[in-house]
Amino acid sequence: MKFPMFVELDGKKAVVAGAGVIGTRRIQVLEEFGARVFVVSPEISPEVRKLWEEGRINCELRILEKRDLDQAFLAVAATDSREANHQAAVWCREAGIPVNVADKKEECDFYFPGIARGGLLTAGICAGGKDHRMAKEAAAEVRQLFAEKYSSKEP
Ligand SMILES: C[C@@]1(CC(=O)O)c2cc3[nH]c(cc4nc(cc5[nH]c(cc(n2)[C@H]1CCC(=O)O)[C@@](C)(CC(=O)O)[C@@H]5CCC(=O)O)C(CC(=O)O)=C4CCC(=O)O)c(CCC(=O)O)c3CC(=O)O
Ligand SMILES: NC(=O)C1=CN([C@@H]2O[C@H](COP(=O)(O)OP(=O)(O)OC[C@H]3O[C@@H](n4cnc5c(N)ncnc54)[C@H](O)[C@@H]3O)[C@@H](O)[C@H]2O)C=CC1
């Protein structure tokens, strides 16, 4: 069971390997929560390219290398290669950097929850890696609750 720690990400380096469908989702969330996102991926989605062009994130269009992880606060391995994701996890573990591995929950130090925000509140919903559909559904219900009952106070 993972502990729901609410972590300060403002200005902290978050490395994301792979900017396809899942990497893009991760990059958007980390950027929204203030991290200094550094993307390494041979190909990137249009959404990620736009964030890059707006100067909100940095990208390198190549495969991940160990040195990319220097000074990272956290990392995400979201490539479509099991081998590359595993290698990233090993490098992170050696360097003591918490890592999320999109295709293997056993290699994750932390999970991405379903997120609900409203007013002053932020919730992260996790089904312990056992049912992401349930996490998604519950997060949608909590978003609805926040909008109905707790949205009056803006952050
Ligand atoms: C453990 C965890 C680690 C982590 O990723 O952080 C993890 C792991 C894995 N997910 C996989 C598949 C999918 N996950 C989703 C969706 C979501 N997955 C999310 C979280 C988590 N997923 C973490 C905790 C989960 C928990 O609490 O139970 C959500 C909540 C948040 C988010 O991803 O942003 C988000 C829904 C919220 C939202 O959309 O609002 C979809 C559907 C979709 O993408 O639309 C699919 C594909 C289709 C399908 O199967 O349904 C695979 C197999 C990959 C493969 O086969 O290669 C693994 C790997 C494994 O289980 O080992
Ligand atoms: N955790 C979750 O919620 C989910 C996880 N997945 C898993 O996430 C992974 C990614 O899936 P998608 O985003 O759909 O794949 P995708 O094919 O859309 O994107 C993969 C990206 O990785 C990049 N890439 C490939 N090798 C790389 C390397 N060595 N270094 C850096 N970047 C590299 C590619 O250029 C591409 O941009 C898959 O392993 C998939 O099984 C899939 C669905 C949900």
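So, how was this worked out
Residues numbered from 1 in each chain as written. Chains lettered and ligands numbered in written order. Predicted model: local features only at pLDDT ≥ 70, side-chain atom pairs only at ≥ 80, totals over all residues. Heavy atoms only, no water. Buried < 20%, exposed > 50% of the residue type's maximum accessible area, 1.4 Å probe, protein only. Domains from an automatic or database assignment. Contact = heavy atoms within 4.5 Å. Buried area = accessible area lost by both parts, 1.4 Å probe. Axes fitted to C-alpha atoms, helices over the stretch in contact; angles between N-to-C directions. Helix = DSSP H or I, 4+ residues; strand = E, 2+ residues; numbered from the N terminus. Left-handed = near helix turned anticlockwise from the far one by under 90°. Nonpolar A, V, L, I, M, F, W, Y, C, P; charged D, E, K, R; others polar. Salt bridge = Lys/Arg side-chain N within 4 Å of Asp/Glu carboxyl O. Phe/Tyr/Trp six-rings, centres within 6.5 Å; stacked < 30°, edge-to-face > 60°. Lys NZ or Arg CZ within 6 Å of the ring centre and 35° of its normal.

Visitor: How do you make sense of unusual backbone geometry when you look at a structure like this?
Guide: Trans is the prevailing form of peptide bonds, just as negative phi is the prevailing case for residues other than glycine. With phi around 65°, Gln71 is a residue other than glycine that occupies positive phi space. Its relative accessible area of 73% is what places Gln71 among the exposed residues.

Visitor: Is there a simple way to think about the domain arrangement of the protein chain in this case?
Guide: Note: interface size is frequently given as the accessible area lost on complex formation between the parts. Domain annotation of the protein chain identifies domain 1 (13-107) and domain 2 (114-149). For domain 1 and domain 2, the distance between their C-alpha centres works out to 24 Å. At the junction of the two partners, domain 1 supplies four residues and domain 2 supplies four residues. Summing the contributions of domain 1 and of domain 2, the shared interface buries around 310 Å²; its carbon and sulfur component is 66%.

Visitor: Looking at this structure, how should I read the packing of helix α1 (residues 21-32) against helix α2 (residues 46-53)?
Guide: Helix packing geometry: the angle between the two helix axes and the distance between the axes. For the pair α1 and α2, interaxial distance at closest approach is 9 Å and the crossing angle is 35°. Our pair here, α1 against α2, has a crossing hand that is left-handed. Between α1 and α2, the residues in contact are Thr24, Ile27, Gln28 and Glu31 and Glu47, Val48 and Leu51, respectively. Here the residues of the contact of α1 with α2 sort into three nonpolar, two polar and two charged.

Visitor: Which parts of the structure should I look at to understand the pattern of salt bridges?
Guide: Counted by the stated rule, this structure contains twelve salt bridges. Salt-bridge contacts for Glu54 lead to Lys50; the nearest nitrogen and oxygen are separated by 2.9 Å. Classification of Glu54 by relative accessible area gives partly exposed; the value is 39%. Glu54 is paired through a salt bridge with Arg56; the nearest N and O atoms lie 3.0 Å apart. Connected through shared salt-bridge partners, Glu60, Arg62, Glu65, Arg67 and Asp68 make up one network.

Visitor: Help me out: how do you make sense of the packing of aromatic side chains in this one?
Guide: Here the distance between the centres and the angle between the planes together describe a pair of aromatic rings. In this structure the tally under the stated criterion is two aromatic pairs. Between Phe110 and Phe112, the ring centres sit 5.8 Å apart and the planes meet at 45°, which makes this aromatic pair tilted. Note on Phe146 and Tyr150: the rings are 6.2 Å apart at their centroids and 85° apart in plane angle, and the pair reads as edge-to-face. When its relative accessible area of 8% is taken as the criterion, Phe146 is described as buried. The ring of Phe112 carries the charged tip of Arg26 above its face, separated from the ring centre by 4.2 Å. Here Arg117 stacks its cationic end above the ring of Phe33, 4.6 Å away from the centre of that ring.

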